[in-house]
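Secondary and tertiary structure notes
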Amino acid sequence: MIIGLLTAVAASACYGTGSVLQAVGSRKSARREAAKASTTGVTQHGGPSLSSTAKAAVTWEFMVGTVLDFIGFGLGALAARLLPLFLSQTVISANLVITAVLSIKLLGIRLGRAEWGSIAVVCSALVLLATAAGPEGSGHTPIAAHWWLLVASLVLIGGGTLVVRLLGSRAAILAGLLSGLGFGALGVGVRVLNGAAPFHLPSLLTDPALYAILVAGIGGMYLHTVALQIGSVNGATAALVVGETVVPGILGVVWLGDASRPGFAWVAVLGFVVAVAGAVGVAWFGEPEPTPEAPHQQQNRSQNHNQNHVQSHDENQDESGNRGRAKAPSGATAEAGGARPAVGDARPEASLAATPER
């Protein structure tokens, strides 16, 4: 139990630090795209394009964050096999606290009292869960369940990516939630994977859970990157926490035989609910960070500014002309009045002649 908890805490530290570094890289890439005045960085719905996400992935901050994510993945996989899923996934999801603290220094984000209070709630809930956790289940499931896990991962990542691209810049929290569900499916897949302990390569390669892990892991990382590009790092990570914790925790108890200590079931349920509520609180109270303005928005704002400037200039000229006419001599006015053409005069024909041809 102690080794499992230490492993989960180390995984949480890797994930939390990696998320902030990835957010730094994503924002740096977004600023470069905006500076180039390129419209290829966003989709028609205002979200980041695949090329923009790929460019964010090659910044050194993002690459270091990705390495930390892989280390965290290995540690998290070990923790998932040593602890009940409702405990391992919740401890790993405490990377939200590390993300929030590091974002103050690296991203210049200010946390309010409500956010600090929500973080304290998450930490308190983790203590409750660690106190109530019992032995993990066996993890032995029929192979048909592994196929269902693969199908669910494909639908989740494929359908989620499509919906996020359609929603564009409004999909930050949804992308974070879907990425969390993907990482949750990854945790379940690691728990039920055949051929891992003891190691048996043929069983490992023929298990659909292995491919569910790959789909859910890669897809979850992509959706998390999108969430970091278009939304608050704390809000996106909090949504990830909910997706990564709730479903795997329930599946671990119902499907894999995870249990709490005798007489501590209510403590486990309370800790689980409070942890999720605290994570949602960080997402709810988190203030969205300013994002670089999209190129097409900059162009539209520049055009509107120029139009307003021209309109204001024309109005000033008209006003000056009216003041000049108002100050004209009375004799000139009388002369202009005496020169008014009579009915049937040739003035209309002159006006028609002065009208440009269409």
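What you are looking at is a predicted structure, and each value in this text was computed from that prediction instead of being measured.

1. Topic: the overall build of the chain
A tally of regular secondary structure across the chain gives 15 helices and 0 strands. Counting across all 358 residues of the chain, residues that qualify as buried make up 44%. Taking as baseline every contact in the chain between residues at least 6 positions apart, the subset at least 24 positions apart corresponds to 87%. By element, 67% of the accessible surface of the chain is carried by carbon and sulfur atoms, the whole surface being about 18,700 Å².

2. Looking at empty space enclosed by the protein
Inspection of every chain in the model, using the stated rule, returns 2 cavities of 30 Å³ or more. In this structure, the second largest cavity spans a volume of roughly 30 Å³. Surrounding the second largest cavity, Thr90, Ser93, Val122, Val241, Thr245, Ala275 and Val276 form its lining. Counting only elements with at least two residues in the lining of the second largest cavity, the list comes to helix H11 (233-254) and helix H12 (265-285). Looking at the lining of the second largest cavity residue by residue, the class counts come to 4 nonpolar, 3 polar and no charged.

3. Quick notes on a nonpolar patch on the surface
On the surface, Phe199, Leu201, Leu205, Tyr211, Leu214 and Ile218 cluster together into a nonpolar patch covering about 630 Å² of accessible area. Those elements giving two or more residues to the nonpolar patch turn out to be helix H9 (201-205) and helix H10 (208-230). The leading source of residues in the nonpolar patch is H10, at 3 residues. Counting through the fold element by element, Leu205 comes out in helix H9. The class of Leu205 is partly exposed, set by a relative accessible area of 44%.

4. Structural notes on the confidence of the model for the chain
The predicted coordinates should not be examined in detail at positions where pLDDT is low. Of all residues in the chain, 70% attain a pLDDT of 70 or more, and the chain-wide mean is 74. The secondary-structure element of the chain with the lowest mean pLDDT is helix H15 (residues 347-354), recorded at 42, while helix H7 (residues 143-167) shows the highest, at 91. Predicted confidence is poor over residues 288-302, with pLDDT under 50, and the contacts of this stretch with residues over four places away or in other chains come to 24 contacts. Counting interchain partners and residues more than four positions distant, the pLDDT-below-50 stretch residues 326-358 has 2 contacts.

5. With respect to the layout of surface pockets
In this structure, the largest pocket spans a volume of roughly 430 Å³. Forming the boundary of the largest pocket are 25 residues, of which Tyr15, Phe73, Phe183, Leu186 and Gly217 lie nearest the centre. Breaking the lining of the largest pocket down by element, the ones donating at least two residues are helix H1 (2-35), helix H3 (60-82), helix H4 (85-92), helix H8 (172-192), H10 and H11. Taken together, the residues of the lining of the largest pocket break down into 14 nonpolar, 9 polar and 2 charged.

6. Here's the deal with the side chain of Asp69
Inspection of the secondary structure assignment puts Asp69 in helix H3. In this view, Asp69 contacts Cys14, Tyr15, Gly18, Gln22 and Met221; residues no more than four positions away in its chain are not counted.

7. Some remarks on the packing of aromatic side chains
Two numbers describe a pair of aromatic rings. These are the distance of the centres and the angle of the planes. Applying the stated criterion across every chain yields a total of 0 aromatic pairs. Its guanidinium or amino end placed over the ring of Phe264, Arg261 lies 4.3 Å from that ring's centre, counting from NZ or CZ.

8. Description of the environment of Val280
Along the chain, the position of Val280 falls in helix H12. Between the C-alpha atom of Val280 and that of Leu240, which follows or precedes it by 40 residues, the distance is 9.9 Å.

9. Observations regarding H4
Working note: α-helix, 3.6 residues per turn, so residues spaced by three or four point in the same direction. Within H4, 8 of the 8 residues are buried, which leaves it mostly tucked inside the rest of the structure. Buried within H4 are the following residues: Leu85, Phe86, Leu87, Ser88, Gln89, Thr90, Val91 and Ile92.

10. Examining H10
Taking 1.5 Å of rise per residue, the 23 residues of H10 would be expected to cover 33 Å, and the 33 Å separating its terminal C-alpha atoms lies within 8% of that figure. Counting buried positions along H10 gives 18 out of 23 residues, so the element sits mostly inside the fold.

11. Let's talk about the pattern of salt bridges
In the structure shown here, the tally under the stated rule is 1 salt bridge. Taking the shortest distance from any N to any O, the salt bridge between Arg191 and Asp258 comes out at 2.6 Å. Of the two residues, Arg191 sits in helix H8 while Asp258 sits in the loop between H11 and H12, which places them 67 residues apart along the sequence. An identical accessibility class is assigned to Arg191 and Asp258; each is buried.

12. Comments concerning the nonpolar core
Among the nonpolar cores identified, the biggest contains 18 residues, and Leu85, Leu149, Leu186, Val190, Val192, Leu193 and Ile213 are the most heavily contacted of them. When residues of this core are traced back to their parent elements, those giving at least two are H3, H7, H8 and H10. Each residue touching Leu186, except ones within four places of it in the same chain, is listed here: Phe73, Ile213, Ala216 and Gly217. Core analysis: the second largest hydrophobic core is formed by 16 residues, Leu129, Val267, Ala268 and Phe272 among them.

13. Some points on the packing of helix H5 (residues 95-106) against helix H6 (residues 113-132)
Remark: H5 packs on H6, axes separated minimally by 10 Å, with the N-to-C direction vectors making an angle of 150°. H6 is crossed by H5, and the crossing has left-handed handedness. On H6, the residues that touch Val97, Ala100, Val101 and Ile104 of H5 are Trp116, Ile119 and Cys123. When grouped by side-chain class, the residues that make up the contact of H5 with H6 number 7 nonpolar, no polar and no charged.

Rules of the game
- Residues numbered from 1 in each chain as written.
- Predicted model: local features only at pLDDT ≥ 70, side-chain atom pairs only at ≥ 80, totals over all residues.
- Heavy atoms only, no water.
- Helix = DSSP H or I, 4+ residues; strand = E, 2+ residues; numbered from the N terminus.
- Buried < 20%, exposed > 50% of the residue type's maximum accessible area, 1.4 Å probe, protein only.
- Contact = heavy atoms within 4.5 Å.
- Areas by Shrake-Rupley, 256 points an atom, 1.4 Å probe, with all protein chains shown as cover.
- 1 Å grid on protein atoms, 1.4 Å probe; cavity = no way out; pocket = protein on both sides within 12 Å on 5 of 7 lines; lining within 4 Å.
- Points joined across faces, edges and corners; volume = space filled by probe spheres on them.
- Nonpolar A, V, L, I, M, F, W, Y, C, P; charged D, E, K, R; others polar.
- Patch = residues over 30% accessible without salt bridge, like charges linked within 9 Å, V, L, I, M, F, W, Y side chains within 5 Å.
- Salt bridge = Lys/Arg side-chain N within 4 Å of Asp/Glu carboxyl O.
- pLDDT = per-residue confidence, 0-100.
- Phe/Tyr/Trp six-rings, centres within 6.5 Å; stacked < 30°, edge-to-face > 60°.
- Lys NZ or Arg CZ within 6 Å of the ring centre and 35° of its normal.
- Expected span 1.5 Å × (residues − 1).
- Core = buried A, V, L, I, M, F, W, Y, C linked by side-chain atoms within 4.5 Å.
- Axes fitted to C-alpha atoms, helices over the stretch in contact; angles between N-to-C directions.
- Left-handed = near helix turned anticlockwise from the far one by under 90°.

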